[in-house]
Amino acid sequence: MFEALSERLAAALKKISGRGVLRPEDVDAGLREVRLALLEADVNFKVVKEFIEKVRARLAGVEVSPGLTAPQTVIKAVDAELYELLGGNAEGLRYSSQPPTVVMLVGLQGSGKTTTAVKLALLARGDGHRPLVVALDFRRPAAVEQLRALADREKVAFASGEEGVLEAARLSCDVVILDTAGRLHVDEELMQELRDLKSRLAVTETLLVADSMTGQEAVKVGEAFGKGIGVDGVILTKLDGDARGGAALSLRVATGQRIRFAGTGEKPADLEVFHAERMASRILGMGDVLTLIEKAERVVDKEKAAEVERHLRAGQMSFDDFLAQIRQLRGMGSLEGLLEMVPGGGQLKGQLAGANTELEMKRMEAIILSMTPRERAHPQLIDGARKRRIARGSGVQPADINRLLKARDAMQKMAKQFGAVNRKGKLGGIPHLGQIG
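Residues numbered from 1 in each chain as written. Predicted model: local features only at pLDDT ≥ 70, side-chain atom pairs only at ≥ 80, totals over all residues. Heavy atoms only, no water.

1. Thoughts on the sheet that holds strand β5 (residues 205–211)
- Taken together, the eight strands give an open sheet; going across it, the order is β3-β2-β4-β1-β5-β6-β7-β8, and neighbouring strands pair in mixed fashion. At either end of the open sheet lies a strand with only one pairing partner, and these are β3 (157–160) and β8 (271–273). For this sheet the average axis-to-axis angle between neighbouring strands, irrespective of direction, equals 25 degrees. (Pairing = 2+ DSSP bridges. Helix = DSSP H or I, 4+ residues; strand = E, 2+ residues; numbered from the N terminus. Axes fitted to C-alpha atoms, helices over the stretch in contact; angles between N-to-C directions.)

2. As for the environment of arginine 94
- Take arginine 94: it is sitting in the loop between α4 (70–85) and β1 (101–106).
- Among the residues examined, arginine 94 registers a relative accessible area of 33% and is labelled partly exposed.
- Placed 111 residues apart in sequence, arginine 94 and glutamate 205 show a C-alpha to C-alpha distance of 7.9 Å. (Buried < 20%, exposed > 50% of the residue type's maximum accessible area, 1.4 Å probe, protein only.)

3. Things to note about the nonpolar core
- Ranked by internal contacts, the top residues of the largest apolar core, which has 61 residues, are Phe51, Leu178 and Phe225.
- Of all the elements, helix α3 (residues 45–59) adds the most residues to this core, at six residues.
- Setting aside chain neighbours within four positions, we find phenylalanine 225 in contact with Val106, Gly107, Leu108, Val186, Leu190, Met191, Leu194, Leu208, Gly230 and Val231.
- In this structure, Leu120, Leu122, Ala135 and Ala151 belong to the second largest nonpolar core, which totals 25 residues. (Core = buried A, V, L, I, M, F, W, Y, C linked by side-chain atoms within 4.5 Å. Contact = heavy atoms within 4.5 Å.)

4. Notes on the packing of helix α2 (residues 24–40) against α3
- Their axes nearest at 10 Å, the elements α2 and α3 cross at an angle of 155 degrees. Comparing the axis directions of α2 and α3 gives the class roughly antiparallel. Classified by chirality, the crossing of α3 by α2 is right-handed. Seen from α2, the contacting residues are Val27, Asp28, Leu31, Val34, Arg35, Leu38 and Leu39; seen from α3, they are Phe45, Val48, Phe51, Ile52, Val55, Arg56 and Leu59.
- A per-class count over the contact of α2 with α3 returns 11 nonpolar, no polar and three charged. (Parallel < 35°, antiparallel > 145°, perpendicular 65-115°, else oblique. Left-handed = near helix turned anticlockwise from the far one by under 90°. Nonpolar A, V, L, I, M, F, W, Y, C, P; charged D, E, K, R; others polar.)

5. Things to note about the environment of arginine 252
- Looking at the secondary structure, you find arginine 252 in helix α10 (residues 246–255).
- Since its relative accessible area comes to 25%, arginine 252 is described here as partly exposed.
- Between the alpha carbons of arginine 252 and glycine 88 there is a distance of 9.9 Å; along the sequence they are 164 residues apart.
- Apart from the residues within four sequence positions on either side, arginine 252 is in contact with Leu85, Leu86, Gly87, Gln257 and Arg258.

6. Considerations on helix α9 (residues 216–228)
- For α9, built from 13 residues, the straight-helix expectation of 18 Å at 1.5 Å per residue is met to within 8% by its first-to-last C-alpha distance of 18 Å.
- Within the sequence span of α9, burial applies to Gln216, Ala218, Val219, Val221, Gly222, Phe225 and Gly228.
- Structurally, α9 contributes buried residues whose contacts are with β1, α8 (188–200), β5 and α10. (Expected span 1.5 Å × (residues − 1).)

7. Quick look at the pairing of β1
- Along β1, six of the six residues are buried, which leaves the element largely enclosed by surrounding structure.
- A two-sided burial pattern is seen for β1, the buried positions comprising Thr101, Val103 and Leu105 on one face and Val102, Met104 and Val106 on the other.
- As paired strands, β1 and strand β4 (residues 175–179) are joined by five bridges and run parallel to one another. Along β4, the bridge assignment pairs leucine 105 with aspartate 179.
- Sheet topology places β1 next to β5; four bridges connect them, and they run parallel. Bridge assignment links leucine 105 to a residue of β5, and that residue is leucine 207.

8. Topic: the pairing of strand β7 (residues 259–263)
- Counted residue by residue, β7 has five buried out of five residues, so it is predominantly covered.
- With three bridges joining them, strand β6 (residues 233–237) and β7 adopt parallel strand pairing. Note that in β7 the partner of leucine 236 across the bridge is alanine 262.
- Here β7 runs beside β8; their pairing, made up of three bridges, is antiparallel. Its bridge partner being in β8, alanine 262 is matched across the sheet by glutamate 272.

9. Re unusual backbone geometry
- The peptide bond linking proline 99 to proline 100 adopts the cis configuration, its omega dihedral lying at 5 degrees.
- Within the element layout of this structure, proline 100 appears in the loop between α4 and β1.
- Even without a glycine there, the phi angle at lysine 155 is positive, about 60 degrees.
- Inspection of the secondary structure assignment puts lysine 155 in the loop between α6 (141–153) and β3.
- If you check the backbone angles, serine 172 has positive phi at about 60 degrees while not being a glycine.
- Within the element layout of this structure, serine 172 appears in the loop between α7 (167–170) and β4.

10. What about the packing of α9 against α10?
- The N-to-C vectors of α9 and α10 enclose an angle of 20 degrees; their axes lie 9 Å apart at closest approach. Looking at the two axes, α9 sits roughly parallel to α10. Where α9 crosses over α10, the two elements pack in a sense that is right-handed. Facing α9, whose interface residues are Gln216, Ala218, Val219, Gly222 and Glu223, α10 presents Gly246, Ala247, Ser250, Leu251, Ala254 and Thr255.

11. Looking at the side chain of threonine 237
- Relative to the helices and strands, threonine 237 is located in strand β6.
- Given a relative accessible area of 6%, threonine 237 falls into the buried group.
- Residues contacting threonine 237, with those up to four places away along its chain left out, are Ser111, Thr116, Val209, Ala210, Asp211, Ser212 and Gly263.

12. Considerations on the confidence of the model for the protein chain
- Summarising the model, the protein chain shows a mean pLDDT of 77, and 71% of its residues fall at 70 or more.
- The low-confidence segment residues 347–352 (pLDDT under 50) makes eight contacts with residues lying over four places distant or belonging to another chain.
- Segment residues 418–437: pLDDT under 50, and 36 contacts once partners within four positions in sequence are set aside and those in other chains are kept. (pLDDT = per-residue confidence, 0-100.)

This is the structure:
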């Protein structure tokens, strides 16, 4: 989402030419470009003005630290102010000392409340809690069935109606997430309905679900809900989209509340705690390795990863191993999203422009699943006739089978080289997904 802003900020900071001394003209020129970059990213102009002045104040009279260049000194100041602008948050759900914790999700229709309810439930379950999602959006019957279906798929407890909150005790659930009704626009009827609901159900905290793709409209919605019912934080959805990022950088000021969570995709695991420090680093193109590690720890099957590593060390990579790696990578989210967390990954992401990496991984998975267990274990058995059969079974061309076989051969060759070096004591181990964490 912040790709355009990251590129513009990088270009702006490169224009600061001084190395030993941070000259006023360098600061002025650099901040002028930073200001334009933020405005182009749809950040509220009042927020931009205040941000630039705070960065300028940080740089006033500052000498370039030993070991740093002038651009790095400015980056340090911009990074610190981005952290403050984003709310300085690193906080997940606030759990009540007297269960159940009741979390009410509010927002306009289409902001992503229903899918976010289940994603939030999975985060709570990951924290060791037993969540229950409750459908309260009866103006849109499809929303109730959508929540039920999503909850069933992820094995999350489901209930419908206000009386569903009472189900928490019977089901031994200590976290209740309420999916409330929305509208296409803010109106007083909606606000009154939510205020009444909030008072009746002893809500622990109210979280606004805002669609980052709506830009400054999300900021206006944030202001309306903040004043109308009071919110304790914001969940910003669709951060994986091509919006310019202005909403994320303006909502903190608009609502007076921090962005607590970020939706980064459509998969159940694509909701993460919004760490302001890490997001600032991501915006400046410096990556977010900590979040990448946490994603790996959540989805990687360590026993399976260890088994794959043993095969790699022996220089024997079956298609079952290949399939395990593909599935673990897909479980971590989109490849483009993962690259954003790698320092310098934005350049690699650009090389993937136009390529449907998700479709390609699905195609590889379909090919492997069309093989017999014996073929997956012994790929050398796959001759021309078998290739044609596998191609028919997976809906691809024999040429696609050849490409996959060559890719596995190349990986096995590399694995043998790594294994040989490792046995000589020159390498600590063969890298794979299980070692990210």
